[in-house]
Amino acid sequence: MPQPLPHAPAINVHARLRWRVRPASVPAFWRNISGASGFVSYRQRRDWRLVLSACDIPHRLSQFNSRECLYVPPLLERVALRELTAFDEERHRPAPPPPVIHAHWKLAGCFLLPLLVWHGMRMGWWPVPDWLPAPRLWLPAGALDTLQVRLHGQWYRVITALTLHADAAHLFGNLAFGALFLALLARSAGIGRALWLTLAGGILGNCLAVALRRQPVESIGFSTALFACIGALSGLMALRHAGRREMLLPVAAGAALLAMLGTEGERTDYLAHVAGLCCGLTLGMAEGLRLRHRWRALPQWGAAALAMLVPVLAWWRAFARL
């Protein structure tokens, strides 16, 4: 004769059936993504519902057998779980360390004073040392003449042109904005690195402008290096953010500054400004990668000395050809 089943397994079967019972308010075949035990806290329930609402994923909260569970359509189950997993990982990700603020960054603008001294000697504001050529020869010897650069290889002009200005308004405008953005760049990169990034970006910007021009052009001014400084600052700030949208904000700010400051005036060299911004942006991103991976580079004092020495050597070469 068949033996009756024990009573214990029958209890287990009823328990399993009870767990599979679906609340009447939930559509058929919708999936429970909150687990068999439901939500463990009010915060988790609130955050998950906010995430699903922000992603436009239909969901329904139901309370059954003292458990609160969240249901979604079966076709959207994987999407919902992926969004919730990404949210939990972002929330538990450790906060990045605060950026290092270098000391004495407010004094970075003082390193632009040689531009004032150089312009003053050329304009006769104060006497010129006897060992220097006549000031009237400085402009033709150091201006960025694309014809002289291409035909005669006078590439030192891409450096000397940064130290020449047409008038006092041109000079003081570059000094004012240059001191501001150079100090901001020195705050993140240090004074020495900021000076070198600014000068190197200005030199590369002038080189790029010479390579892109098709007709002879003469230009002078520190503006190319100024926009290289803005680009370096934008690139350095962009590398601090992980998301693509956050990275685009500093770049867009640099482009906005170019539109506001670099497109006014009849004698404005638009190409040189754009080239300086692009070269500075590239150098700033490279500096950001160096800081992120802690790669070695010139110390602050070495970078500052190099930034001050390069223009001196360029003018020595220019005067040697007179």
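Residues numbered from 1 in each chain as written. Predicted model: local features only at pLDDT ≥ 70, side-chain atom pairs only at ≥ 80, totals over all residues. Heavy atoms only, no water.

(A) Inspection of the sheet that holds strand S2 (residues 60-64) at higher detail. Strand order in the open sheet formed by three strands is S1-S3-S2, and the pairing between neighbours is antiparallel. Sheet topology places strand S1 (31-32) and S2 at the edges, where each strand pairs with a single neighbour. Relative to strand S3 (residues 67-72), S2 runs antiparallel, the two being bridged by five bridges. Opposite Leu61, over in S3, you have Leu70 as the bridge partner. (Pairing = 2+ DSSP bridges. Helix = DSSP H or I, 4+ residues; strand = E, 2+ residues; numbered from the N terminus.)

(B) Summary view of the side chain of Asn206. One can find Asn206 in helix H9 (residues 191-212). With residues up to four places along the chain from it excluded, the contact list for Asn206 reads Leu144, Val158, Leu162 and Thr224. (Contact = heavy atoms within 4.5 Å.)

(C) The packing of H9 against helix H12 (residues 270-293), seen in detail. Contact pair H9 / H12: the axes reach a minimum separation of 7 Å and the direction vectors enclose 135°. Classified by the angle between their axes, H9 and H12 sit oblique to one another. Handedness of the crossing formed by H9 with H12: right-handed. Facing Arg193, Leu197, Ala200, Gly201, Leu204, Gly205, Leu208, Ala209 and Leu212 of H9, the residues of H12 in contact are Leu271, Ala272, Ala275, Gly276, Cys279, Leu283, Glu287 and Arg290. Of the residues in the contact of H9 with H12, the class split is eleven nonpolar, three polar and three charged. (Axes fitted to C-alpha atoms, helices over the stretch in contact; angles between N-to-C directions. Parallel < 35°, antiparallel > 145°, perpendicular 65-115°, else oblique. Left-handed = near helix turned anticlockwise from the far one by under 90°. Nonpolar A, V, L, I, M, F, W, Y, C, P; charged D, E, K, R; others polar.)

(D) Highlighting helix H8 (residues 168-189). A rise of 1.5 Å per residue sets the reference length of H8, with its 22 residues, at 32 Å; its end C-alpha atoms lie 30 Å apart and thus fit the reference within 8%. Among all positions in H8, only Leu171, Asn174, Leu175, Gly178, Phe181, Leu182, Ala183, Leu185, Ala186, Ser188 and Ala189 are buried. The distance from a side-chain oxygen at the start of H8 to the backbone nitrogen of Ala169 is 3.4 Å, and the residue carrying that oxygen is Asp167. Gly190 sits one or two residues past H8 and shows a positive phi near 95°. (Expected span 1.5 Å × (residues − 1). Buried < 20%, exposed > 50% of the residue type's maximum accessible area, 1.4 Å probe, protein only. Polar contact = N/O pair within 3.5 Å; in protein donor to acceptor, adjacent residues only side chain to side chain.)

(E) Spatial organisation of the packing of H9 against helix H10 (residues 223-238). In contact at an axis separation of 7 Å, H9 and H10 are set at 120° when each is read in the N-to-C sense. Taken together, H9 and H10 sit at an angle that is classed as oblique. Pair H9 / H10 crosses with right-handed handedness. Across the interface between the two elements, Leu197, Thr198, Gly201, Gly202, Gly205 and Asn206 of H9 pack against Thr224, Ala225, Ala228, Cys229 and Ala232 of H10.

(F) Here's a closer look at the pattern of salt bridges. Counted by the stated rule, this structure contains seven salt bridges. A salt bridge links Glu77 to Arg31, with the nearest nitrogen and oxygen atoms 2.9 Å apart. With a gap of 46 residues between them, Glu77 in helix H3 (residues 77-92) and Arg31 in strand S1 connect regions that are remote in the sequence. Overlapping salt bridges bring together Arg43, Arg46 and Asp47 as one network. (Salt bridge = Lys/Arg side-chain N within 4 Å of Asp/Glu carboxyl O.)

(G) A nonpolar patch on the surface, seen in detail. A cluster of nonpolar side chains, contributed by Val117, Met123, Trp125, Trp126 and Phe172, occupies part of the molecular surface with about 470 Å² of accessible area. Examined against the element boundaries, Val117 turns out to sit in helix H4 (residues 113-123). (Patch = residues over 30% accessible without salt bridge, like charges linked within 9 Å, V, L, I, M, F, W, Y side chains within 5 Å. Areas by Shrake-Rupley, 256 points an atom, 1.4 Å probe, with all protein chains shown as cover.)

(H) Structural view of the nonpolar core. In this structure, Trp118, Trp138, Leu182, Leu185, Ile203 and Trp315 are the most contacted members of the largest nonpolar core, which totals 47 residues. If you list the elements that add at least two residues to this core, you get H4, helix H7 (157-160), H8, H9, H10 and helix H13 (300-320). Top element by residues in this core is H10. It accounts for eight residues. Those residues within four positions of Trp118 in sequence are excluded, and the remaining contacts are Leu132, Trp138, Thr163, Leu164, Trp315 and Phe319. Grouped together as the second largest cluster of nonpolar side chains are ten residues, Ile33, Trp48, Leu52 and Ala80 included. (Core = buried A, V, L, I, M, F, W, Y, C linked by side-chain atoms within 4.5 Å.)

Coordinates in, geometry out; function isn't part of it.
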